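Chain by chain, the residues:
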Amino acid sequence: MRFLFLGDMVGKTGRTAVWQRLPGLISDFKLDFVVVNGENAAGGFGITEEIFLETINAGADVVTTGNHVWDQKEAVTFAGRHDQFLRPANYPAGTPGRGANLFIAKNGARVLVANIMGRVFMHPELDDPFKAGEAILASCPLGEQADAVIFDFHAEATSEKQCFGHFVDGRASVVVGTHTHVPTADCQILNGGTAYMSDAGMCGDYDSSLGMEKEEPLNRFISKMPKSRFEAASGPATICGLAVEISDRTGLAEKVAPLRLGPRLAEAVPEFWR
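In every chain, residue numbers begin from 1 and rise along the written sequence. Owing to the predicted nature of the model, reporting of local features is limited to residues with pLDDT of at least 70; listing and counting of side-chain atom pairs is limited to 80 or more, with chain, interface and lining totals taken over all residues. The side-chain values count all of the structure's non-hydrogen atoms but skip hydrogen atoms and water molecules.

Caption draft 1: Seen up close, the overall build of the chain. Secondary structure elements are defined from DSSP: runs of H or I of at least 4 residues count as helices, runs of E of at least 2 residues count as strands, and each element is numbered from the N terminus. From N to C terminus, the chain includes six helices and 11 strands. Seen through its C-alpha atoms, the chain measures out along the principal axes to roughly 55 × 45 × 35 Å. Only protein chains enter the accessibility calculation, which uses a 1.4 Å probe. A residue is then buried if its area is under 20% of the maximum for its type, exposed if over 50%, and partly exposed in between. Evaluated residue by residue, the chain yields a buried proportion of 58% over its 274 residues. Here, residues are in contact when the closest pair of their heavy atoms is within 4.5 Å. Contacts in the chain between residues far apart in sequence, at least 24 positions, make up 62% of those at least 6 positions apart. Areas reported as accessible are Shrake-Rupley estimates using a 1.4 Å probe. Residue values count occlusion only from the protein chains shown. For the chain, the computed accessible surface area is about 11500 Å², with 52% contributed by carbon and sulfur atoms. When charges are tallied, Lys and Arg are placed among the positive residues and Asp and Glu among the negative ones, while His and the ends of the chain are skipped. To locate a charge, the coordinates of NZ of Lys, CZ of Arg, CG of Asp or CD of Glu are taken. For the chain, the separation between the mean place of its 25 positive charges and that of its 34 negative charges on side chains is 2 Å.

Caption draft 2: Quick look at the sheet that holds strand β5 (residues 110-117). Taken in spatial order, the six strands of this open sheet run β4-β5-β6-β7-β9-β8, and their pairing is mixed. Either end of the sheet is taken by a strand with one partner, and the two such strands are β4 (100-104) and β8 (188-189). Contacts between helix α4 (residues 129-139) and the sheet are confined to β4, β5 and β6 (148-154), with β5 contributing the most and set at about 165 degrees to the helix. At least two DSSP bridges between two strands are required for those strands to pair. A fitted line through C-alpha atoms serves as each axis, taken over the contacting stretch for helices, and the angle formed by two N-to-C directions is quoted from 0 to 180°.

Caption draft 3: How the structure looks around helix α2 (residues 49-57). What α2 keeps buried is the set Glu49, Ile51, Phe52, Thr55 and Ile56. The buried side chains of α2 occupy one side of the element, clustering within an arc of 165 degrees when seen end-on. Exposed residues on α2 whose side chains face more than 90 degrees from its buried face are Glu50 and Asn57. If you follow the buried residues of α2, they end up packed against α1 (11-29), β2 (33-37), β3 (62-64) and α3 (74-78). In this context, the arc is that of the directions from the helix axis out to the C-beta atoms.

Read these as spatial facts, not as claims about activity.
Written out as structure tokens, the structure reads:
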């Protein structure tokens, strides 16, 4: 199975780049399943139902989120209406929407996708992500009810992301980190066969501070006083993500590589998809 994960879409420039490039990527690389993190898609803060639907229409099979999931008030309402929209699974019981779901890929594979949020340096501090991950795997094990298992682990600390990867190694197909908006260089297949990357990076303008116009974040570091609101940067976007070949037999990763397309960062296209 050919799987693509795209990191946090930031603002109009990020989401537009994904909408424009994703249909071609799916066609050119014959992708079976695509997950996109959309929690910063609406001006950098949250996601609207319209943006969610546009992302699905562009070819995403699932849209995941994170700590900004409720920044747009309408998300509380539409979260429960769409099976392809995921919020972190370790929110308390009774939270709108769902944190994991089973989907059917283009090749017929049953794909479990779960969204988990870390707790180190994160707000709000949610329930134990390791217990949440264990419960999800117990309810839909790889090789039994699921042919592939994907975790979007939305967290600040790389140590927490790495430990979660090792925790589910051999029981999940992919663990990919989001939230910090900078692509890491550590994509690998762990000892048990799980593809791992600490952060997929963002889909947005990299002439920025994590996708935001850089003047106000810089001002706050220097003066410690706000002058204005954060605004999503509007320059040309680079899309960043993770490409994985998942075994149809075992559900574990066989190949993994970063994907980067756009200005500023060195482009990277997986050799095994060329």
